[in-house]
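Understanding the architecture of this molecule
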Amino acid sequence: MQLIFLGPPGAGKGTQAKIFLDRSGIVQISTGDILRAAVSNGTDLGKQAKAFMDKGELVPDSVVIGIIEQRIQETDCKKGFVLDGFPRTIEQAEALDAILAKLNIALNHVVNFEVPDEELVQRLMGRAAQEGRSDDNPESIKNRLQIFKDKTQPLIRYYEGKAILRHINGTGSTAEIAEKVKTVVGV
Ligand code: AMP
């Protein structure tokens, strides 16, 4: 089963992808995690990505599309995968469709996590205190929420048109949201 977890930063996509992995064995692919690992390992990819990430801007499409194209062909993805934080632009979504078509893989569900802005800001500031992520500062948070609205929200229409979009109210406890994911995805 192939899924996309779609939603603004702080919506709980990563947390839910980890819970889903524990339950189903279906791997989580987070472009944010891959990029952060590249930054901390000081690779060329990391050097390229760091400035964008610190400002809360998107890393160029060609870079993240290349990461995903490679990653989904690794053996642990045979059973399926949850894309967490990708695609974030229409160009990424179209590239993903082309890659999946070439590999003869279907996309089963796009789960859209809906959380009000005020709660997102609170959650992201809480995460900044706990995890010390360099992009969880007020300026970057504001930027990331705006970029979500401008670049990523249009994906809702895009996937609505493909009839694979499922909406979830992303407020409430982690366990409650996990139950909602189970209901819409069926696993
Ligand atoms: P995340 O952990 O998903 O919030 O991602 C952290 C940062 O990594 C984002 O603010 C972007 O700078 C970068 N990033 C992650 N995924 C993508 C993507 N699909 N496209 C562009 N940039 C991305």
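Above this note sits the structure.
A few points on the structure. (Residues numbered from 1 in each chain as written. Predicted model: local features only at pLDDT ≥ 70, side-chain atom pairs only at ≥ 80, totals over all residues. Heavy atoms only, no water.)

1. Some thoughts on the site of the ligand
Of all residues adjacent to the ligand, which total 15 residues, the nearest are Thr31, Arg36, Glu57, Gly85 and Gln92. Backbone polar atom of glutamate 57 to an oxygen atom of the ligand: 2.6 Å apart, as the coordinates give it. One nitrogen or oxygen atom from the side chain of arginine 133 is found 3.4 Å from an oxygen atom belonging to the ligand. Out of a free accessible area of 480 Å², the ligand has 96% covered by protein chains. Partitioning the shell around the ligand into residue classes produces six nonpolar, four polar and five charged. (Near = heavy atom within 4 Å. Polar contact = N/O pair within 3.5 Å; in protein donor to acceptor, adjacent residues only side chain to side chain. Areas by Shrake-Rupley, 256 points an atom, 1.4 Å probe, with all protein chains shown as cover. Nonpolar A, V, L, I, M, F, W, Y, C, P; charged D, E, K, R; others polar.)

2. Regarding the pattern of salt bridges
Enumeration according to the criterion identifies 13 salt bridges in this entry. Its salt-bridge partner being lysine 149, residue aspartate 117 comes within 2.6 Å of it at the nearest N-O pair. Residue aspartate 117 is located in helix 6 (residues 117-131), and its partner lysine 149 is located in helix 7 (residues 138-152); the two are separated by 32 residues in the primary sequence. With relative accessibility at 33%, the residue aspartate 117 sits in the partly exposed group. Classification of lysine 149 by relative accessible area gives partly exposed; the value is 33%. Close ionic contact of arginine 133 with aspartate 135 constitutes a salt bridge, the shortest N to O distance being 2.9 Å. A residue is classified by how much of its surface remains accessible, and arginine 133, at 19% relative accessible area, is buried. (Salt bridge = Lys/Arg side-chain N within 4 Å of Asp/Glu carboxyl O. Helix = DSSP H or I, 4+ residues; strand = E, 2+ residues; numbered from the N terminus. Buried < 20%, exposed > 50% of the residue type's maximum accessible area, 1.4 Å probe, protein only.)

3. Examining the sheet that holds strand 4 (residues 109-114)
The sheet built from five strands is open, its strands ordered 2-3-1-4-5 with parallel pairing. Here the strands that pair on one side only, and so sit at the sheet edges, are strand 2 (27-30) and strand 5 (165-169). Each strand of the sheet is rotated relative to its neighbour by a mean of 25°, with strand direction disregarded. With five bridges connecting them, strand 4 and strand 5 associate as parallel partners. Residue glutamate 114 lies in a different strand from strand 5, and its bridge partner there is asparagine 169. (Pairing = 2+ DSSP bridges. Axes fitted to C-alpha atoms, helices over the stretch in contact; angles between N-to-C directions.)

4. Details of the nonpolar core
Nonpolar side chains in soluble globular proteins tend to end up buried together. Ile4, Ile29, Ile72, Phe81, Leu83, Leu96 and Tyr159 are the most contacted members of the largest nonpolar core, which has 31 residues in total. Counting only elements with at least two residues in this core, the list comes to strand 1 (2-6), strand 2, helix 3 (44-55), helix 4 (61-71), strand 3 (81-84), helix 5 (90-103) and helix 8 (154-160). Counting 18 residues, the second largest nonpolar core, distinct from the first, contains Leu3, Leu145, Ile168 and Val185. (Core = buried A, V, L, I, M, F, W, Y, C linked by side-chain atoms within 4.5 Å.)

5. Section: the pairing of strand 1
Most of strand 1 is tucked away: five of the five residues are buried. Of the two faces of strand 1, both are covered, the one formed by Gln2, Ile4 and Leu6 as well as the one formed by Leu3 and Phe5. In terms of strand pairing, strand 1 meets strand 3 through four bridges, oriented parallel. Directly across from isoleucine 4, in strand 3, lies its bridge partner leucine 83. Note: strand 1 against strand 4, four bridges, orientation parallel. Counted as the bridge partner of phenylalanine 5 is valine 111 from strand 4.

6. Quick word on the side chain of glutamine 16
Secondary-structure assignment places glutamine 16 in helix 1 (residues 13-24). Given the relative accessible area of 4%, glutamine 16 is considered buried. Beyond its immediate stretch of four places on either side in the chain, glutamine 16 contacts Phe5, Phe113, Thr174, Ile177, Ala178 and Val181. (Contact = heavy atoms within 4.5 Å.)

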